[in-house]
Amino acid sequence: MVTRVIGRIGELTTNDPSLGDETLMGRLRDAAIVLDEERVLWVGPSADAPSADEFIDAGGRAVVPGFVDSHTHLVFAGERSEEFEARMAGERYDGGGIGLTVNATRAASSDELRALTSHRAAQLLAGGVTTMEIKSGYELNVAGEARLVGLASEFTDEVTFLGAHVVPVEFAHDRDGYVELVKGEMLESCKDHARWADVFCDRGAFSVDESREVLLAARAAGLELRLHGNQLGETGGIRLAIELDAASVDHCTFVSDSDIALLAGSGTVATLLPGADFSTRSRYPSARRMIDAGVTVAIATDCNPGSSYVTSMGFIIALAVREMTMTPDEALWCATLGGARALRRDDIGHLKPGARADLLILDAPRAAHLAYRPGSALVATTLRAKR
Ligand code: NIG
Ligand code: FE
């Protein structure tokens, strides 16, 4: 296997407190890192770097772990810019536009959906995302959801079955029938291509009891759990996620002090999606209070055509800093190791020897530039471990 050394790194963020400056960010200056095609082999001062087959001169630039985007809805057809325009003119987001995307997605061929997904995945990768989660949820029938998890699995191992996104129109008068379908035939036809199950537990989508039913059936079928919760109100999604020991509860825009205390004592990560709060002109969640209380927080793009048509993790980091009062270091941690925790992965999100060789060379001397220069393409080189 070919080995590489990246030398003369101005600022290396490892996210491993045992390395470098012993902070959470595990920082080293004038550093080097040695990799093979799959793993990190060595980290240390540039002057001590062992030799390798190839040398990359970072020229004083910053290196960070690859971003982990733990929440996307990448497989869809169509777009909803008119809905966005209406919101910017004062309409509220209530998830009601999901049906339009369901119609467009059902009407698209698999080749069309594959090309659309591939284009979005390439945009994420160009912006530094080296691991992405992808959800189904825009066909809402048995064959369609199976098609979407199958397509998602062509792009990632982190596939999520979201048959319980909303109740589709054909079941508008039979919610219970739809929940039964999701728990039964739909789950059965999707489970082999998915690692995770998710439910949109919120106003206008599924109640806490319906969500619990679906998630327990999914767990019994061998899937691990995550949940959309508390995006539109204090609807009990956060508590349900904790009750079920879900890996992550996502959005958390409406979070109470008692939710924060429960999250802090739980194994559930709070994944915040500032792109959705931005694009729905919502309030932002209290990231400061969560982090200060000891909650494990991740940030992700939530890329989808309704609430957050965003493919840039750099933009998400900038929003987390400016709008959710994170420090630049906290936002970087949440976009890397936080995302890894939300996916219950210990091999990504950091650069300790043994980690996957997923890293970014930035076109900047310090990682803080990610938030300091929003909208700039700061990822100069993305190295991604062989899959
Ligand atoms: O995470 N809130 C639920 N699902 C997506 C949005 C889906 C849509 O509007 O198309 C979200 O924000
Ligand atoms: Fe989402």
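About the criteria used
Residues numbered from 1 in each chain as written. Chains lettered and ligands numbered in written order. Predicted model: local features only at pLDDT ≥ 70, side-chain atom pairs only at ≥ 80, totals over all residues. Heavy atoms only, no water. Buried < 20%, exposed > 50% of the residue type's maximum accessible area, 1.4 Å probe, protein only. Helix = DSSP H or I, 4+ residues; strand = E, 2+ residues; numbered from the N terminus. Arc of directions from axis to C-beta. Contact = heavy atoms within 4.5 Å. Core = buried A, V, L, I, M, F, W, Y, C linked by side-chain atoms within 4.5 Å. Domains from an automatic or database assignment. Buried area = accessible area lost by both parts, 1.4 Å probe. Salt bridge = Lys/Arg side-chain N within 4 Å of Asp/Glu carboxyl O. Polar contact = N/O pair within 3.5 Å; in protein donor to acceptor, adjacent residues only side chain to side chain. Nonpolar A, V, L, I, M, F, W, Y, C, P; charged D, E, K, R; others polar. Donors = N, O, S within 2.8 Å, 3.2 Å for Na, K, Ca; no water.

Which residues make up helix α2 (residues 98-107), and what are the values?
The complete set of buried residues in α2 reads I98, T101, V102 and T105. Projected down its long axis, α2 carries its buried residues within an arc of 105°, all on one side. Residues of α2 that are exposed and point over 90 degrees away from its buried face: L100 and A107. If you follow the buried residues of α2, they end up packed against α3 (110-126), α4 (142-152) and β9 (196-201).

Lay out the nonpolar core with the relevant residues and their values.
In terms of nonpolar packing, the biggest core is built from 102 residues, with L272, I299 and M326 touching the most fellow members. Residues from two domains meet in this core; each of domain 1 (4-66 + 350-383) and domain 2 (67-342) gives at least three. Apart from residues lying up to four places away in sequence, L272 is in contact with H251, C252, P285, A287, M290, V297, A298, I299, A300, M324 and M326. Formed by 19 residues, the second largest nonpolar core is a distinct cluster that contains I33, A58, A357 and I361.

Account for the domain arrangement of the protein, naming residues and giving values.
Under the domain assignment used here, the protein contains domain 1 (4-66 + 350-383) and domain 2 (67-342). Taken residue by residue, the interface counts 19 residues in domain 1 and 18 residues in domain 2. Carbon and sulfur atoms supply 71% of the area buried between domain 1 and domain 2, which totals about 1400 Å² over both sides. Here domain 1 is connected to domain 2 by one salt bridge. Across the domain 1-domain 2 interface, the total number found is two residue pairs in polar contact (both at pLDDT 80 or more). Counting residues per element, the ones that place at least two in the side of domain 1 that touches domain 2 are β5 (62-65), α13 (369-372) and β15 (379-383). The element best represented in the side of domain 1 that touches domain 2 is β15, accounting for three residues. The class makeup of the residues in the side of domain 1 that touches domain 2 is 12 nonpolar, five polar and two charged.

Kindly report on the coordination of the iron ion (ligand 2), identifying the contributing residues and their values.
Summarising the metal site, the iron ion (ligand 2) is bound by the protein donors H71 (NE2), H73 (NE2), H228 (NE2) and D302 (OD), whose distances to it range over 2.1 to 2.3 Å. Between consecutive donors of the iron ion (ligand 2), the numbers of intervening residues give the motif H-x1-H-x154-H-x73-D. Linking H228 in strand β10 (residues 224-229) with D302 in the loop between β13 (297-299) and α11 (313-324), this pair joins segments that are 74 residues apart in sequence.

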